Amino acid sequence: MSKTFNYRQKVAILGDSGVGKTCLVNRLVFNMYINYTNPTIGAAFASYVVNDDFIYEIWDTAGQERFHSLLPMYLRHTDIIFIVIDINQNIEDINKQFIKWFSYVKNNNNLLNKDYKICLFFNKLDTNKYFQVPEDILNNKEISFINLISAKTGYNIYKIKSTLDTLAKIHMETTQPNIQNNNGSIYDLDNVIKKIKLKCIP
Ligand code: GTP
């Protein structure tokens, strides 16, 4: 029997081939890790349900260059962008990869929903626990959430879940402007995002 959800948001995952986008989805949605995954063809779809009434529709896009012309199709009406970067590269390549995907999002922001958010994940932390996020990236104010993760071990995946839970809650409360939170005040969105970011910077 199909279930209807009164609230939904769309998430699109971007990043080079092999950075671990599919493994991240598998960990987030099914809490599992498969060591050898085939490259994604076009895109894959998964859903993440926060509560009975809210669903995230997740598009895991293909990182291979030959599928890039398809990306705009998956970005349309997206609310949350995940950019995934593999930490197993030198810092110049990490910066290059970040700029490439960040610029891609900015250049296509006409496709995205208003108030879209960008979350950045540095994956494969299990291979280098001393990795540090480059300062320029850390100071980028247009990134709502930055985290070091490992899809393999599940490290910090709970932080992604807790962020998605919070964003879902904000969405539900702000799309019903008359409903107030427990303190009797309407959420200050910018403030909440700042708090999430502060809390989650590694
Ligand atoms: P495309 O589908 O080509 O875009 O690649 P992708 O970004 O979806 O990469 P995928 O999830 O298929 O992961 C590629 C490989 O990276 C996997 O086969 C895993 O072996 C490895 N991998 C993914 N996540 C991790 C991680 O957290 N740690 C380690 N050590 N390896 C990982």
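Being a predicted model, the structure only gives us computed values, none of them experimental.

### Description of the overall build of the protein
Phase 1 of the analysis: Each helix and strand counted, the protein has six helices and six strands in total.
Phase 2 of the analysis: Counted from the first residue to the last, the protein has its helices and strands arranged as β-α-β-β-α-β-α-β-α-β-α-α.
Phase 3 of the analysis: Residues classed as buried in the protein amount to 30% of the 202 residues present.
Phase 4 of the analysis: Sequence separation of at least 24 residues holds for 70% of the intrachain contacts in the protein that already meet a minimum separation of 6.

### A closer look at the site of the ligand
Phase 1 of the analysis: In the neighbourhood of the ligand, 23 residues make up the surrounding shell, with Ser17, Gly20, Pro39, Thr40 and Gly63 lying closest.
Phase 2 of the analysis: Looking at side-chain class alone, the shell around the ligand contains six nonpolar, 13 polar and four charged residues.

### Looking at helix H1 (residues 21-30)
Phase 1 of the analysis: Counting buried positions over the ten residues of H1 gives seven, a clear majority of the element.
Phase 2 of the analysis: Among the residues of H1, those classed as buried are Lys21, Thr22, Cys23, Leu24, Val25, Arg27 and Leu28.
Phase 3 of the analysis: Packing partners of the buried residues in H1 comprise strand E1 (7-14), strand E2 (43-51), strand E3 (54-61), strand E4 (80-86), strand E5 (117-123) and helix H5 (157-174).
Phase 4 of the analysis: Within two residues after H1, Asn31 carries a phi angle of roughly 50°, on the positive side.

### With respect to the sheet that holds E4
Phase 1 of the analysis: One open sheet holds the six strands; their spatial order is E2-E3-E1-E4-E5-E6, and the pairing between them is mixed. Of all strands in the sheet, those bounded by a partner on one side alone are E2 and strand E6 (145-148). When the angles between neighbouring strand axes are averaged without regard to direction, this sheet yields 20°.
Phase 2 of the analysis: Relative to E6, E5 is paired through four bridges, and the arrangement is parallel. Bridged to Phe122 within E6 is Leu148.
Phase 3 of the analysis: Most of the contacts of H1 go to E2, to which it runs at about 25°, and overall it touches E1, E2, E3, E4 and E5.

### Overview of unusual backbone geometry
Phase 1 of the analysis: The residue Asn31 is not glycine, and still its phi comes out positive at about 50°.
Phase 2 of the analysis: Looking at the element boundaries, Asn31 is found in the loop between H1 and E2.
Phase 3 of the analysis: We classify Asn31 as exposed; it has 9 C-beta atoms within 10 Å.
Phase 4 of the analysis: Not every positive phi belongs to a glycine, and His77 is a case in point at roughly 60°.
Phase 5 of the analysis: The topology assignment puts His77 in the loop between helix H2 (71-75) and E4.

### Digging into the environment of Pro72
Phase 1 of the analysis: As for its position among the elements, Pro72 is in helix H2.
Phase 2 of the analysis: In contact with Pro72, not counting residues within four places along its chain, are Asn108 and Leu111.

### A word on the pairing of E4
Phase 1 of the analysis: Among the seven residues of E4, six are classified as buried, and the element is accordingly described as predominantly covered.
Phase 2 of the analysis: With four bridges joining them, E1 and E4 adopt parallel strand pairing. Paired with Val11 across the two strands is Ile80, which belongs to E4.
Phase 3 of the analysis: As paired elements, E4 and E5 share seven bridges and run parallel to each other.

### Remarks on the nonpolar core
Phase 1 of the analysis: Counting residues in each nonpolar core, the largest one holds 41 residues, and the members touching the most others are Ile13, Phe82 and Ile83.
Phase 2 of the analysis: Beyond its immediate sequence surroundings of up to four residues, Ile83 is in contact with Leu14, Gly15, Trp101, Phe102, Ile118 and Leu120.

What counts, and where the lines are drawn
Numbers given to residues run from 1 along each chain, matching the order in which its sequence is written. In keeping with the predicted nature of the model, local features appear solely for residues at pLDDT of at least 70, side-chain atom pairs appear and are counted solely at 80 or more, and the whole-chain, interface and lining totals rest on all residues. Only DSSP runs of H or I covering at least 4 residues are called helices, and only runs of E covering at least 2 are called strands; the numbering of each starts at the N terminus. For the exposure call, what matters is how many other C-beta atoms sit within 10 Å of a residue's own: 20 or more marks it buried, 12 or fewer exposed, and in between partly exposed, using C-beta atoms placed from the backbone. The contact rule is simple: place each C-beta atom from the backbone, and if two of them lie within 7 Å, those residues are in contact. In this analysis, residues qualify as near a molecule or strand once their C-beta atom, positioned from backbone atoms, comes within 6 Å of it. Residues are grouped as follows: Ala, Val, Leu, Ile, Met, Phe, Trp, Tyr, Cys and Pro are nonpolar; Asp, Glu, Lys and Arg are charged; every other residue, Gly included, is polar. Any two strands with at least two DSSP-identified bridges between them are counted as paired. To get an axis, fit a line to the C-alpha atoms, keeping to the stretch in contact for a helix; angles then go from 0 to 180 degrees between the N-to-C directions. For our purposes the nonpolar core covers buried Ala, Val, Leu, Ile, Met, Phe, Trp, Tyr and Cys residues that link as a set through C-beta atoms within 7 Å.

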